[in-house]
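# Survey of secondary and tertiary structure
One-letter residues, chain by chain:
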Amino acid sequence: MTRKSERISASALKPVEQLAIDEVPGELERLAKEIAHHDELYHRKDAPEISDADYDALRRRNDALEQRYPELVREDSPNKRVGAAPAEAFGKVVHKVPMLSLSNGFEDSDVTEFWNRIRRFLNLKEGEELAVTAEPKIDGLSASLRYEKGKFIVGATRGDGREGENVTENLKTIDDVPAVLKGKHLPDVFEMRGEVYMSHKDFEALNARQVKDGKPPFANPRNAAAGSLRQLDPKITASRPLRFFAYAWGEASEVPSDTHSGMIETFRHWGFTVNPFFRVCTSAEELLAFYHEIEETRANLGYDIDGVVYKVNRLDWQQRLGFVSRSPRWALAHKFPAEQAMTVLEGIDIQVGRTGALTPVARLKPVTVGGVVVSNATLHNEDEIERLGVRIGDTVVVQRAGDVIPQIVQVIEDKRPKNARRFKFPDICPACGSHAVRETNEKTGKVDAVRRCTGGLICPAQAVERLRHFVSRNAFDIEGLGEKQIAAFYDDGLILQPGDIFTLEERDKRSLKKLKDREGWGETSARNLFAAIDARREIDLDRFIFGLGIRHVGETNARLLARSYGTLDHFVEEMEKAAKEDSEARRELLAIDGVGDVLAEALVDFFSEKHNREVLATLKKAGVKAIPLPAQETSSPIAGKTVVFTGSLERMTRSEAKARAEQMGAKVAGSVSAKTDLVVAGPGAGSKLAKAAELGVAVITEDEWMEMAAG
């Protein structure tokens, strides 16, 4: 695929900024589940269902949504985890320095923005040089090697980024992994990190042996490398032609260079293999030239790569830049383009989501896109159908780039058959027969893109989905009460609302038909379910809030609210008070950093509804308690306090100051209120400084803040 065709395809996608706010939580939820599923297959089972490009497309869509709607970021966001949990078959190794992933870029403009963002964050003056390294991104399996006084002690896979699998004996079989480092004055402790991979030549030879021995061949070199390293028998690993490129480090008692390029050269002297295409660049143009050079020579490298990695060269600047979510600010993975395919649209079905949104899903003639057979694609809403001009019978371009199921990005009108017909979007919910309407936003006067069922709790599609959400892993997490069981219990009238879950055992004792006698159940499974339900009668407040299914409240916002209000009773009381727009409670809510008008309205609307308050009352009556989150443990003088920055900061950028305050355990607010503990005022501070004086809030200068931050 040419870069030109990739740009054309991207322009045909529905931009994130055109998505209605109502669509975003559902998309983020589906993306989180889909990405977690593929992480499990890729990192633990070495059996991915989709190509790297397809996976990157999912991540790219998720990142774009989270950047545009930070208040909707979920606690189970893919950006808050790396990989998947280690398999129990291997011993576990805790990474003292987490093995994080990298942010991705796909267009040349992403690289330019990365370069400019680094300069802004570091507040570099014009003419002050910024050096960034560039090297091919190896498509293999990440590994960590711990050396003590130069001797290889233990090796592990990435795992979930914090805990990996102990594959020490297997790593010892790789020629590129030295048992003892060369040279003198070696660090007492040094944790080398790099990529285990297999060359194309070795991969072909291995598959030839597999076929000859009557065994199934591997799908690609990455799968072969991962499967070979994660063998319980090191003899099998030894028989596989694995290789290792060193490119980073974790825990280190000392770092022998002050630049990344210097570290790479040190690795080479120690006896490691480093990538020969490593380069230091001093402009965004040089980075892009290197990327396109590698892109052109990719097929001749002899091993798989899926992009280029850029890293700020100075290590002290890396430290200043720090991390955001699961990724370092000082690095970027510039990935190669995704794949597309053409097929025929055979029909359009309507799915009803947990919030009542009616979503059109295209039924496609099955086609392979990026190694995966695709038979469905999202059409988002009726406006998207109109924008694309798609008709049933059309030939369409499909791309797995930004949703849990692929998107239709283009209609090939030249191939339209004479009998192609337009699709009439229904105004009746297919699940319950209620009217389906498009609401008008009172503030903007715009009609929402989503058509939504008005059936509410009487709509089975919404009721079941709300219950599924309530018991989901990041909410109440009730083991044994999955999607299948929830649907069955709802259909039989056993669980119609959340409170019914916690009275199930009591009602079962009085019932003539016991749960243990139902199909698929037994005495043990029923007893286990009741025990699992009892274990969730006390649950962390953030999980409780998330489980309620409030619009626009994901795991991140639930935790933010839990920390801000402390107890469930206080939270509910304040939300009811916040119904008045000019109330102190509303101002306090909006002062929380990360809470905007949309989220505030959603919270107020939820607690204004009688039936929602009845759900809370029913849960309380059933003995369900929300436990306040534990206080953050830190010795920082501003731990647990609320800080506001105002005016122009001269020694530290605003984003750097905020990041440092959060590292110290503080909450950063956007406005001054009675709950503000500290105001950091730079030159030009205005109304916020006056408000602080009025409320008697402590105010310090930027110099005083720098002292506090350094301490």
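Refer to the structure printed above.
In this report, we go over the structure that sits alongside the text. (Residues numbered from 1 in each chain as written. Predicted model: local features only at pLDDT ≥ 70, side-chain atom pairs only at ≥ 80, totals over all residues. Heavy atoms only, no water.)

### Notes on the overall build of the protein
The line we're drawing: Think of it this way: any DSSP run of H or I at least four residues long counts as a helix, any run of E at least two long counts as a strand, and we number them from the N terminus. Only the C-alpha atoms count toward the radius of gyration. The rule for a globule is 2.2 Å times the residue count to the power 0.38. With a 1.4 Å probe rolled over the protein chains alone, any residue whose accessible area is under 20% of its type maximum counts as buried; one over 50% counts as exposed, and the rest are partly exposed. By the convention used here, residues are in contact when the closest approach between their heavy atoms is within 4.5 Å. Computed by Shrake-Rupley with a 1.4 Å probe, the accessible areas treat only the displayed protein chains as cover when residues are assessed. Under this rule, positive means Lys or Arg and negative means Asp or Glu; His and the chain ends count for nothing. Charge coordinates come from a single atom per side chain, which is NZ of Lys, CZ of Arg, CG of Asp or CD of Glu.
Counting secondary structure elements, the protein contains 26 helices and 26 strands. Taken over the C-alpha trace, the protein has a radius of gyration of 28 Å; the compact-globule value for 711 residues is 27 Å, and the two agree within 12%. If one aligns the C-alpha atoms of the protein with their principal axes, the spans along those axes are about 75 × 70 × 60 Å. Every one of the 711 residues in the protein was classed for burial, and the buried ones make up 52%. By sequence separation, contacts in the protein at least 24 residues apart represent 71% of the contacts at least 6 residues apart. Carbon and sulfur atoms provide 49% of the accessible area of the protein, an area that totals close to 33,300 Å². Distance between charge centres in the protein, computed from 102 positive and 112 negative side chains, equals 2 Å.

### Notes on the sheet that holds strand β24 (residues 667–668)
This is how the line gets drawn: For two strands to be treated as a pair, DSSP must find at least two bridges joining them. Fitted lines through C-alpha atoms serve as axes, helices being fitted only where they are in contact, and the angles separating the N-to-C directions of these axes extend from 0 to 180 degrees.
Spatially, β24-β23-β25-β26 is the arrangement adopted by the 4 strands of the open sheet, whose pairing is parallel. A strand with exactly one partner marks an edge of an open sheet, and here the two such strands are β24 and β26 (698–701). Pairing between strand β25 (residues 678–681) and β26: 4 bridges, direction parallel. Within β26, the position partnered with Val679 by the bridge is Val699. The strands touched by helix α26 (residues 702–710) within the sheet are β23 (642–646), β25 and β26, with β26 carrying the most contacts at an inclination of about 90°.

### Regarding the nonpolar core
Here is the rule we go by: We call a set of buried Ala, Val, Leu, Ile, Met, Phe, Trp, Tyr and Cys residues a nonpolar core when their side-chain atoms join them within 4.5 Å.
By size, the foremost hydrophobic cluster in this structure holds 55 residues, and its most contacted members are Ile478, Phe502 and Phe544. Counting residues per element, the ones that place at least two in this core are α13 (460–470), α14 (483–491), α17 (523–534), α18 (541–547), α19 (555–565), α20 (568–577), α22 (597–608) and α23 (610–621). Setting aside residues no more than four positions away along its own chain, Phe502 makes contact with Phe470, Phe476, Ile478, Ile533, Arg536, Arg537, Leu619, Ala622 and Val624. One finds Leu102, Phe114, Leu332 and Ala333 within the second-largest nonpolar core, a separate group that totals 35 residues.

### Remarks on the side chain of Ser142
Which entries qualify depends on this criterion: Between N or O atoms, a polar contact is any pair within 3.5 Å; within protein, one atom must be a potential hydrogen donor and the other a potential acceptor, and residues adjacent in sequence are included only when both atoms are from side chains.
Within the secondary structure, Ser142 sits in strand β4 (residues 141–148). Within polar-contact distance, the side chain of Ser142 engages the side chain of Arg158 at 2.8 Å. A polar side-chain atom of Ser142 sits 3.1 Å from a polar atom in the side chain of Glu195. Each residue touching Ser142, except ones within four places of it in the same chain, is listed here: Met99, Ala156, Thr157, Arg158, Gly194, Glu195 and Tyr247.

### Some details on the environment of Thr343
Along the chain, Thr343 turns up in strand β14 (residues 340–352). For the pair formed by Thr343 and Gly393, sequence separation is 50 residues and the distance between their alpha carbons is 9.9 Å. Polar contacts involving the side chain of Thr343 include one to the main-chain carbonyl oxygen of Lys365, which spans 2.5 Å.

### Brief notes about the environment of Ser434
With respect to the helices and strands, the residue Ser434 is situated in the loop between β18 (407–411) and β19 (436–437). Since its relative accessible area comes to 12%, Ser434 is described here as buried. With 337 residues separating them along the chain, Ser434 and Val97 place their C-alpha atoms 54 Å apart.

### Observations regarding the packing of aromatic side chains
What counts, and what does not: The rule is short: rings of Phe, Tyr and Trp, with Trp giving its six-membered ring, pair when the centres are within 6.5 Å, and they are stacked under 30 degrees, edge-to-face over 60, tilted in between.
Tallied over the entire structure, the rule returns 20 aromatic pairs. Residues Phe244 and Phe272 carry aromatic rings whose centres are separated by 6.4 Å and whose planes lie at 55° to one another, so their mutual orientation is tilted. Placement of Phe244 in strand β8 (residues 243–252) and of Phe272 in the loop between α9 (260–270) and β9 (279–281) is noted, with a sequence separation of 28 residues between them. Exposure remark for Phe244: the relative accessible area of 0% places this residue in the buried category. Relative accessible area serves as the criterion here: at 4%, Phe272 is assigned to the buried category. For the ring pair Phe470 and Phe476, a centre distance of 4.2 Å and an interplane angle of 20° mean the geometry is stacked. The residues Phe470 and Phe476 share a single accessibility class, namely buried. An aromatic cluster is defined as three or more aromatic residues linked by ring pairs; in this entry it consists of Tyr147, Phe152, Phe244 and Phe272.

### Focus: unusual backbone geometry
Look at Asn123: it is not a glycine, yet its phi comes out positive at around 60°. Within the fold, Asn123 resides in the loop between α4 (108–122) and β3 (132–138). On the basis of relative accessibility, which here comes to 40%, the residue Asn123 falls in the partly exposed class. A positive phi is found at Lys149, a non-glycine position, where the angle reads about 55°. Among the secondary structure elements, Lys149 is positioned in the loop between β4 and β5 (151–157).

### Digging into the pairing of β4
Most of β4 sits out of view: 7 of its 8 residues are buried. By the bridge criterion, 8 bridges tie β4 to strand β7 (residues 189–197) in an arrangement that is antiparallel. Paired with Ser144 across the strands is Arg193, a residue of β7. One ladder, built from 6 bridges, connects β4 with β5; its direction is antiparallel. By the bridge assignment for β5, Arg146 is matched with Val154.

### With respect to the pattern of salt bridges
Operational definition: Criterion for a salt bridge: a side-chain nitrogen of Lys or Arg within 4 Å of a carboxyl oxygen of Asp or Glu.
Counted under the stated rule, the structure contains 38 salt bridges. One salt bridge in this structure joins Arg314 and Asp316, with 2.6 Å as the shortest N-O distance. We classify Asp316 as partly exposed; its relative accessible area is 38%. Asp394 is paired through a salt bridge with Arg416; the nearest N and O atoms lie 2.8 Å apart. Of the two residues, Asp394 sits in the loop between α12 (382–388) and β17 (395–399) while Arg416 sits in the loop between β18 and β19, which places them 22 residues apart along the sequence. Exposure remark for Asp394: the relative accessible area of 0% places this residue in the buried category.

### Quick notes on the environment of Ala622
Positionally, Ala622 belongs in the loop between α23 and β22 (625–627). Residues Ala622 and Leu603 lie 19 residues apart in sequence; the distance between their C-alpha atoms is 24 Å. The residues touching Ala622, leaving out its near neighbours within four places in the chain, are Gly499, Phe502, Thr503 and Arg537.

### Considerations on the sheet that holds β8
Taken in spatial order, the 4 strands of this open sheet run β5-β4-β7-β8, and their pairing is antiparallel. Each end of this open sheet is capped by a strand with a single partner; those strands are β5 and β8. When the angles between neighbouring strand axes are averaged without regard to direction, this sheet yields 30°.

### Concerning the packing of α20 against α22
Using the following cut-off: Each angle gets one of four labels, with under 35 degrees taken as roughly parallel, over 145 as roughly antiparallel, 65 to 115 as roughly perpendicular, and the rest as oblique. In this count, Pro and Cys sit with the nonpolar residues alongside Ala, Val, Leu, Ile, Met, Phe, Trp and Tyr, while Asp, Glu, Lys and Arg are called charged and the others, Gly among them, polar.
Where α20 meets α22, the closest approach of the two axes is 8 Å, and the angle between their N-to-C directions is 100°. By the angle class used here, α20 and α22 are roughly perpendicular. Where α20 approaches α22, its residues Phe571, Val572, Met575 and Glu576 are matched on the opposing element by Leu603, Val604 and Phe607. By residue class, the composition of the contact of α20 with α22 is 6 nonpolar, no polar and 1 charged.

### Here's the deal with the side chain of His380
Topologically, His380 is positioned in the loop between β16 (372–378) and α12. Owing to a relative accessible area of 6%, His380 belongs among the buried residues under this scheme. Of the polar contacts made by the side chain of His380, one reaches the side chain of Gln407; its length is 3.3 Å.

As far as function goes, none of this settles anything; it's purely spatial.
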